[in-house]
Amino acid sequence: MRDLEIRGAGSILGTAQSGHIMAVGFDLCSQLLKQAVSQLKGEKSGARLEVEVRLDFVATNEPEFAQLGPEARVPAFIPITYITDPTLRIQAYRQLAEITTREQWDRLRKDWRDRFGPFLPAIDNLLVLTEIKIAAAKAGVTRVEVREGKLMLTRRGDFILVGGKFPRISTDRIDRQLVEVLDLIKKI
């Protein structure tokens, strides 16, 4: 964070995001960095959610959402209009990446609302993504993927099937699909 303060955030959160952070994802990158720093300091690193989430109907950054539009993707990121300061936005993403329990999620949600104001749809969706990770971890699910309306969940390396098939997202309303994924995971 100090390095970011000195040099500036550059394009870490912008349209030119590239390199390792793009390949790994910001939340995993934050978690790995925190773990590495803790190990170097000789501290015990905290637990983290070991859940990979890939949803073909979600845009997790502004450029992707701007390019594909609201008809194709649901926004799930912190818009620059919600938290304008890059350092605060990075801290917010880091806080989100460090959440491992529903209690922490509730606390973060309240803190953000108090600090930054009413949520935009992209913030609500980002928080639902985190809630999906929490619910999946609780159910022992390590991967949540939606592709072409099929919900593919993985536990201990095996797919979870319902009646011998992948569960399907039943709603055509793209803005309701995140909640449906969460509801399906909670039923496992």
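Residues numbered from 1 in each chain as written. Predicted model: local features only at pLDDT ≥ 70, side-chain atom pairs only at ≥ 80, totals over all residues. Heavy atoms only, no water.

K.L.:
Tell me about the nonpolar core, and please be specific about residues and values.
P.N.:
Counting 24 residues, the largest nonpolar core has Leu55, Phe57, Ile132, Val144, Leu178, Val181 and Ile185 as its most contacted members. Counting only elements with at least two residues in this core, the list comes to helix 7 (121-138), strand 4 (143-147), strand 5 (150-155) and helix 8 (177-186). Sort the elements by how many residues they give to this core and helix 7 lands first, with five residues. When residues no more than four places from it in sequence are discounted, the contact partners of Ile132 are Val144, Leu178, Val181, Leu182 and Ile185. (Core = buried A, V, L, I, M, F, W, Y, C linked by side-chain atoms within 4.5 Å. Buried < 20%, exposed > 50% of the residue type's maximum accessible area, 1.4 Å probe, protein only. Helix = DSSP H or I, 4+ residues; strand = E, 2+ residues; numbered from the N terminus. Contact = heavy atoms within 4.5 Å.)

K.L.:
Outline the sheet that holds strand 4, supporting the account with residue identities and numerical values.
P.N.:
In spatial order, the strands read 1-4-5-6; together these four strands make up an open sheet with mixed pairing. The open sheet has two free edges, formed respectively by strand 1 (52-55) and strand 6 (158-160), since each of these has just one partner strand. Here the average twist between neighbouring strands, direction ignored, is 25°. Bridge count for strand 1 against strand 4 is four bridges, and the pairing is parallel. Looking across to strand 4, one finds that Val53 is bridged to Val144. (Pairing = 2+ DSSP bridges. Axes fitted to C-alpha atoms, helices over the stretch in contact; angles between N-to-C directions.)

K.L.:
Give me the lowdown on the pattern of salt bridges, citing residues and values where you can.
P.N.:
The tally for this structure, following the rule as stated, stands at 12 salt bridges. We note a salt bridge from Lys186 to Glu131, for which the minimum N-O separation is 3.7 Å. You can see Lys186 sitting in helix 8 and its partner Glu131 sitting in helix 7, a full 55 residues away along the chain. Judged by its relative accessible area of 10%, Glu131 falls in the buried class. Between Glu145 and Arg143 there is a salt bridge, and its shortest N-O distance comes to 2.7 Å. (Salt bridge = Lys/Arg side-chain N within 4 Å of Asp/Glu carboxyl O.)

Just distances and angles here, no functional claims.
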